[in-house]
Every structure is written in C-alpha cells, then in structure tokens.
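Letter by letter, the chains look like this.
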Amino acid sequence: MKILIPVKRVVDANVKVRVKPDKTSVDLANVKMSMNPFCEIAVEEAVRLQEQGKATETVVVSVGPAQAQETIRTALAMGADRGVLVQTDQAVEPLAVAKILAKIVDEEKPDIVLLGKQAIDDDANQTGQMLAALLDWPQAAFASKVEVKDGALHVTREIDGGLETVEVKLPAVVTTDLRLNEPRYASLPNIMKAKRKEIAMKAPGDYGVDIAPRLEVVKVAEPPKREAGIKVESVADLVGKLKNAGVL
Ligand code: AMP
C-alpha cells in the first residue's frame, strides 16, 4: 500500500502574526515557517502504517517556494521515503493544489492520499475534499483513528456528541484531525539520513495546471483587542454586572 502525503509550509503555529499595513495579507518577512501541524500528523500516521508493515511506500509532496524543500526534508526525517516539490513563488489556492495533486495521483497511483484537515494559514479546509471530488474517490475527513481492514479503511471521526466510524474502500482520500496521533521529533541520525533521500523538483506547468488565483482577498484585519477583565466582590455583584451587560 502506497501513501501520498501533501504537506504545506506555513507560518509556525507559535508565531504571533502581524497584518501588513495595507491590510492585504499577513507579514511574512523574517517569520519562522514550519510544516502545517495537521500535515505533521498525516506524516506521522503514514510512517506508523509503514512501521506496522501496512504501508510499503510513503511519498511527500509540497506545492510552494524553494524553501518548502525544508518542509519535505522534515517529513523525510520523520520517516517518509521520498519527496516531490512543485515549486512556485505564487500563492496557490486549494483548488489549484487539488488539481496538481490529482495529476500526481495519476502518476504515483497511491492507495491513500493523507492530507491535513486544514492549513493553519488560510484555514481553508478544502484541499482534501476538492481532491476527492476531482478523483471521484471516497473521502473520510477529520480522522481521529485510521485502521486498515481487508482492503478498506475504517476511519473514526469526532462528531457532535460522539464518535462516528466510516468504512471507505481504497483508493481513498483521508484528512487528519488533531487527536489522530502525536507526531514524533526526528532523531539526529534520521535527519542525516533524510539528506540523502530524493526530492523530485517540478513546476505547476509540468502538470498543465493553471494556478492563477480565482479568489480576491478583500481585506485582512487583526482580531478585535480583548478588553481587560475586572474583579468582582461577590456572586451577587457578578450577577448584577452580567444583568447590566445584558448577558443574563
Ligand atoms: P487547506 O485546504 O488549504 O486548509 O489545506 C488542507 C491540507 O491540504 C493541508 O493540510 C495539506 O495536507 C494540503 N495542502 C494544502 N495546500 C498545500 C500545498 N501548497 N502543498 C501541499 N499540500 C497542501
């Protein structure tokens, strides 16, 4: 069983982002970038399936700038076998990423495409679903447990009030939720080993995909500042203040 893992290079989750003065996007100058956390979870799951003898090959793909090679190397150091970078300096929207991934799926013929449920920069939560639609494959989004059973996957999903388990026939698209696993840190020997693993360099044009944006960002704004809290003397005081504020 072969697994394809699309990984996105995004602003590190611990960075407090700043909006550019012209309010068109966030400022990426000198900002630490890392692998999208949900993609790390996807890499971890694929590597675990490989360690359990359930997967035979894991291929990582990223669409992004030359520096996304570092993101791919991180995945290779975690245990993935090889990488593909589809290099572009343009921002690529989920539909274009999904179209490129669909072409790579045609070439690589994986049994599972394991994506993050969302990229924490644009919070789109679209790529996996669009890819499943383009391929006409079954999809199981927001996986919190993945089991391989008789040529199919049993995927458990956290839904309102409980857990839902769905069965999808392979090949399938799966997207990872936060509680699927805890990604490992790559060991130094594995980081060294990853330097020798292959990364194929490609361009969007190699797949005949037009990556011109379809969406226009109208405005990006900071969230409203939180007002300072106040101390109350008693429960009665608290209830009175909540009533005055129209909360009760
Ligand atoms: P999104 O739909 O943008 O929230 O992203 C969901 C998932 O799609 C991510 O966690 C990645 O697995 C994949 N993805 C999105 N953009 C890219 C990209 N530029 N390169 C590789 N994978 C991507």
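Since we're looking at a predicted model, the values are computed, not measured.

1. Side note on the site of the ligand
Then, in step 1: The ligand sits among 17 residues. The nearest are Pro-6, Val-63, Ala-119, Asn-125 and Thr-127.
Then, in step 2: In isolation the ligand offers 480 Å² of accessible surface; the protein chains occlude 98% of this area.
Then, in step 3: Of all the secondary-structure elements, those providing two or more residues to the shell around the ligand are strand S4 (57-64) and strand S6 (112-116).
Then, in step 4: With three residues, S4 is the single largest residue contributor to the shell around the ligand.

2. Quick look at a nonpolar patch on the surface
Then, in step 1: Taken together, the side chains of Val-235, Val-239, Val-247 and Leu-248 make up a nonpolar region of the molecular surface, amounting to roughly 380 Å² of accessible area.
Then, in step 2: Along the chain, Val-247 turns up in the segment after helix H6 (235-244).

3. Quick word on the layout of surface pockets
Then, in step 1: Taken as a whole, the second largest pocket holds about 420 Å³ of empty space.
Then, in step 2: Lining the second largest pocket are 15 residues; nearest its centre among them are Glu-40, Thr-74, Met-78, Arg-184 and Tyr-185.
Then, in step 3: Contributing elements (two or more residues each) for the lining of the second largest pocket: strand S3 (33-35) and helix H2 (68-78).
Then, in step 4: The element that contributes the greatest number of residues to the lining of the second largest pocket is H2, accounting for four residues.
Then, in step 5: Here the lining of the second largest pocket is built from residues that sort into seven nonpolar, three polar and five charged.

4. With respect to the pattern of salt bridges
Then, in step 1: Summed over the entire model, instances satisfying the criterion amount to 16 salt bridges.
Then, in step 2: Note that Arg-82 is salt-bridged to Glu-57, the shortest N-O span being 2.9 Å. In this pair, Arg-82 is assigned in strand S5 (residues 82-87) and Glu-57 in strand S4, connecting sequence segments 25 residues apart.
Then, in step 3: Note on Arg-82: relative accessible area 18%, which makes it buried.

5. Concerning the sheet that holds strand S9 (residues 162-169)
Then, in step 1: A sheet is described by the order of its strands in space; here nine strands give the open sequence S9-S8-S7-S10-S6-S1-S4-S5-S11, paired in mixed fashion. Each having just a single partner strand, S9 and strand S11 (199-202) make up the two edges of the open sheet. The average undirected angle you get between the axes of adjacent strands in this sheet is 30°.
Then, in step 2: Relative to S5, S4 runs parallel, the two sharing six bridges. Pairing of Ser-62 across the sheet is with Leu-85, part of S5.
Then, in step 3: Sheet contacts for helix H1 (residues 37-51): strand S1 (2-6), S4, S6, strand S7 (139-149) and strand S10 (172-176); angle to S6, the most-contacted strand, approximately 145°.
Then, in step 4: Where H2 meets the sheet, it contacts S4, S5 and S11, and its direction lies at approximately 165° from that of S5.

6. Here's the deal with the side chain of Asp-177
Then, in step 1: With respect to the helices, strands and loops of the structure, Asp-177 is situated in the loop between S10 and helix H5 (188-194).
Then, in step 2: Judged by its relative accessible area of 10%, Asp-177 is buried.
Then, in step 3: At a separation of 3.0 Å, a polar atom in the side chain of Asp-177 contacts the side chain of Lys-117.
Then, in step 4: Excluding residues that lie within four positions of it along the chain, Asp-177 makes contacts with Phe-38, Ile-41, Lys-117, Phe-142 and Ala-143.

Cut-off values and rules
Residues numbered from 1 in each chain as written. Predicted model: local features only at pLDDT ≥ 70, side-chain atom pairs only at ≥ 80, totals over all residues. Heavy atoms only, no water. Near = heavy atom within 4 Å. Areas by Shrake-Rupley, 256 points an atom, 1.4 Å probe, with all protein chains shown as cover. Helix = DSSP H or I, 4+ residues; strand = E, 2+ residues; numbered from the N terminus. Patch = residues over 30% accessible without salt bridge, like charges linked within 9 Å, V, L, I, M, F, W, Y side chains within 5 Å. Salt bridge = Lys/Arg side-chain N within 4 Å of Asp/Glu carboxyl O. 1 Å grid on protein atoms, 1.4 Å probe; cavity = no way out; pocket = protein on both sides within 12 Å on 5 of 7 lines; lining within 4 Å. Points joined across faces, edges and corners; volume = space filled by probe spheres on them. Nonpolar A, V, L, I, M, F, W, Y, C, P; charged D, E, K, R; others polar. Buried < 20%, exposed > 50% of the residue type's maximum accessible area, 1.4 Å probe, protein only. Pairing = 2+ DSSP bridges. Axes fitted to C-alpha atoms, helices over the stretch in contact; angles between N-to-C directions. Contact = heavy atoms within 4.5 Å. Polar contact = N/O pair within 3.5 Å; in protein donor to acceptor, adjacent residues only side chain to side chain.

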